[in-house]
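Understanding the architecture of this molecule
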Amino acid sequence: MDRRLVLTLMAALALAWSCSFWRQPPAGPARANELVVHATAYNSTPEQTQGDPRLTASGVRLAPGMRVLAVSPDLAERGLAFGTKVRIEGMPGTWEVVDRMPRGPQRIDLYFGDDEEAAREFGRRHVRIRW
């Protein structure tokens, strides 16, 4: 084979390899984390909280109507940090992590504002969460 032809083929192969090496892989669908957890509900009452019943561990001031929740320490370590948006099976909309709870493992506590009856009705249950 002609030396120039061999050098041209080698250069073409090197260029093709270089282009494929630097090309970004196609973006796939984002994979959400998913877990079944033990869920309870809480209200803004002194009996159900530590300290100021309207102030969360993240500094967010609670108000009725907010879709926020507290998570156990092990869930925070799994990526449910303050500000994380969470979808909760059987509950409308998106909820945000704004508080911590001392109990665990794998527990969440949904905020029900001042509506103690709704919190009691929610009770305790296992739910699937995605974040």
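Conventions used here
- Residues numbered from 1 in each chain as written.
- Predicted model: local features only at pLDDT ≥ 70, side-chain atom pairs only at ≥ 80, totals over all residues.
- Heavy atoms only, no water.
- pLDDT = per-residue confidence, 0-100.
- Contact = heavy atoms within 4.5 Å.
- Core = buried A, V, L, I, M, F, W, Y, C linked by side-chain atoms within 4.5 Å.
- Buried < 20%, exposed > 50% of the residue type's maximum accessible area, 1.4 Å probe, protein only.
- Helix = DSSP H or I, 4+ residues; strand = E, 2+ residues; numbered from the N terminus.
- Salt bridge = Lys/Arg side-chain N within 4 Å of Asp/Glu carboxyl O.
- Pairing = 2+ DSSP bridges.

1. Some remarks on the confidence of the model for the protein
- In this model, the protein carries an average pLDDT of 85, and 79% of its residues clear a pLDDT of 70 or more.
- This stretch, residues 20–25, has a pLDDT under 50; its non-local contacts, to residues over four places away or in other chains, come to 0 contacts.

2. Structural notes on the nonpolar core
- Membership of the largest hydrophobic core comes to 22 residues, with the highest contact counts inside it found for Ile-88, Ile-108, Leu-110 and Ile-129.
- For this core, the secondary structure elements donating two or more residues are β1 (34–42), β2 (68–71), α2 (73–77), β3 (85–88), β4 (94–100), β5 (107–111), α3 (116–122) and β6 (125–130).
- Sorting elements by how many residues they give to this core places β1 first, with 4 residues.
- If we ignore the near neighbours within four places in the chain, the residues touching Ile-129 are Asn-33, Glu-34, Leu-35, Val-37, Leu-80, Val-86, Arg-87, Ile-88 and Ile-108.
- One finds Ala-70, Val-98, Met-101 and Tyr-111 within the second-largest nonpolar core, a separate group that totals 7 residues.

3. Regarding the pattern of salt bridges
- Within this structure, the stated rule accounts for 7 salt bridges.
- Arg-120 is paired through a salt bridge with Glu-116; the nearest N and O atoms lie 4.0 Å apart. Here the residue Arg-120 and the residue Glu-116 both occupy positions in helix α3, the gap between them amounting to 4 residues, near one helical turn.
- Beyond isolated ion pairs, a larger network of salt bridges with shared partners links Glu-34, Arg-128 and Arg-130.

4. Examining the pairing of β1
- In terms of burial, β1 is a largely internal element, 7 of the 9 residues being buried.
- In this sheet, β6 lies alongside β1 in antiparallel orientation, the contact comprising 6 bridges. The residue of β6 that forms the bridge with Leu-35 is Ile-129.
- As defined by bridge partners, β1 adjoins β5 across 5 bridges and the pair is classed as parallel. Its bridge partner lying in β5, Ala-41 is registered against Leu-110.

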